[in-house]
Amino acid sequence: MIFKKAVLYVSAVSALGAAAVVVVVALAFTLYAAVLPQVGPAWGAACVAGAAAVLMALCALALLIKVNPPKLGKQAEERDTLTRLLDLAKEKPIVAASAIIGASLVALRNPKIVATVLATAMATRSADKAKKK
């Protein structure tokens, strides 16, 4: 079933690619036929090559922007973990409640883990306060 879907997707993408090639070739012939009477065969071929170069440059620019988008506007402030957790709890209270239940079950079964987590959090918070001063 999955293999059949994969083959269908590959076939569809191949068909779209072949159709795009046919369209580009047809447009190239149309451009050549349109400029041939005005500039002659050599300059007509040059016009088609130039149009293809511009098209490739635009596609390359679009891909570069897609891969590395420009950073517009101000960057969001770095928020500490507690603020992010509180915001998450406000947005999704059911997830927060189940996380609290899970943490309390861990605390009941193994209190050493809770002590270690709290000690680490306190040490991190005091180190952050020392950096800000």
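Scoring rules and cut-offs
Residues numbered from 1 in each chain as written. Predicted model: local features only at pLDDT ≥ 70, side-chain atom pairs only at ≥ 80, totals over all residues. Heavy atoms only, no water. Helix = DSSP H or I, 4+ residues; strand = E, 2+ residues; numbered from the N terminus. Areas by Shrake-Rupley, 256 points an atom, 1.4 Å probe, with all protein chains shown as cover. 1 Å grid on protein atoms, 1.4 Å probe; cavity = no way out; pocket = protein on both sides within 12 Å on 5 of 7 lines; lining within 4 Å. Points joined across faces, edges and corners; volume = space filled by probe spheres on them. Nonpolar A, V, L, I, M, F, W, Y, C, P; charged D, E, K, R; others polar. Axes fitted to C-alpha atoms, helices over the stretch in contact; angles between N-to-C directions. Parallel < 35°, antiparallel > 145°, perpendicular 65-115°, else oblique. Left-handed = near helix turned anticlockwise from the far one by under 90°. Contact = heavy atoms within 4.5 Å. Buried < 20%, exposed > 50% of the residue type's maximum accessible area, 1.4 Å probe, protein only. Patch = residues over 30% accessible without salt bridge, like charges linked within 9 Å, V, L, I, M, F, W, Y side chains within 5 Å. Salt bridge = Lys/Arg side-chain N within 4 Å of Asp/Glu carboxyl O. pLDDT = per-residue confidence, 0-100.

Participant: Break down the overall build of the protein for me, with residues and values.
Facilitator: A tally of regular secondary structure across the protein gives 5 helices and 0 strands. Taken from N to C terminus, the helices and strands of the protein fall in the order α-α-α-α-α. As displayed, the protein has an accessible area near 11900 Å², and 74% of this comes from carbon and sulfur atoms.

Participant: How would you summarise the layout of surface pockets if you had to cite specific residues and measurements?
Facilitator: One number sums up the size of the second largest pocket: a volume of about 150 Å³. Of all elements in the fold, only α1 (2–39) and α2 (41–67) reach the threshold of two or more residues within the lining of the second largest pocket. When grouped by side-chain class, the residues that make up the lining of the second largest pocket number 8 nonpolar, no polar and no charged.

Participant: How would you summarise the packing of α1 against α2 if you had to cite specific residues and measurements?
Facilitator: Contact geometry of α1 with α2 gives a least axis separation of 8 Å together with a crossing angle of 140 degrees. Relative to α2, α1 is oriented oblique. Every pair of crossing elements has a handedness; the one defined by α1 and α2 is right-handed. Of α2, the residues touching α1 (which contributes A28, L31, Y32, V35, L36 and V39) are P41, W43, G44, A45, C47, V48 and A51.

Participant: I'd like to hear about the environment of A33, residue by residue, with values.
Facilitator: In this fold, A33 is placed in helix α1. Looking at A33, the relative accessible area reads 48%, which means it is partly exposed. Sequence separation between A33 and A45 is 12 residues; the distance between their C-alpha atoms is 9.8 Å.

Participant: Account for a nonpolar patch on the surface, naming residues and giving values.
Facilitator: A cluster of nonpolar side chains, namely V54, L58, L61 and I65, defines an oily patch on the protein surface of about 380 Å² accessible area. The exposure class of I65 is partly exposed, given its relative accessible area of 47%.

Participant: Summarise the confidence of the model for the protein; cite the residues concerned and give the values.
Facilitator: Across the protein, pLDDT averages 83, with 89% of residues at or above 70. Of all the helices and strands in the protein, helix α5 (residues 111–132) carries the lowest mean pLDDT, 74, while α1 carries the highest, 91.

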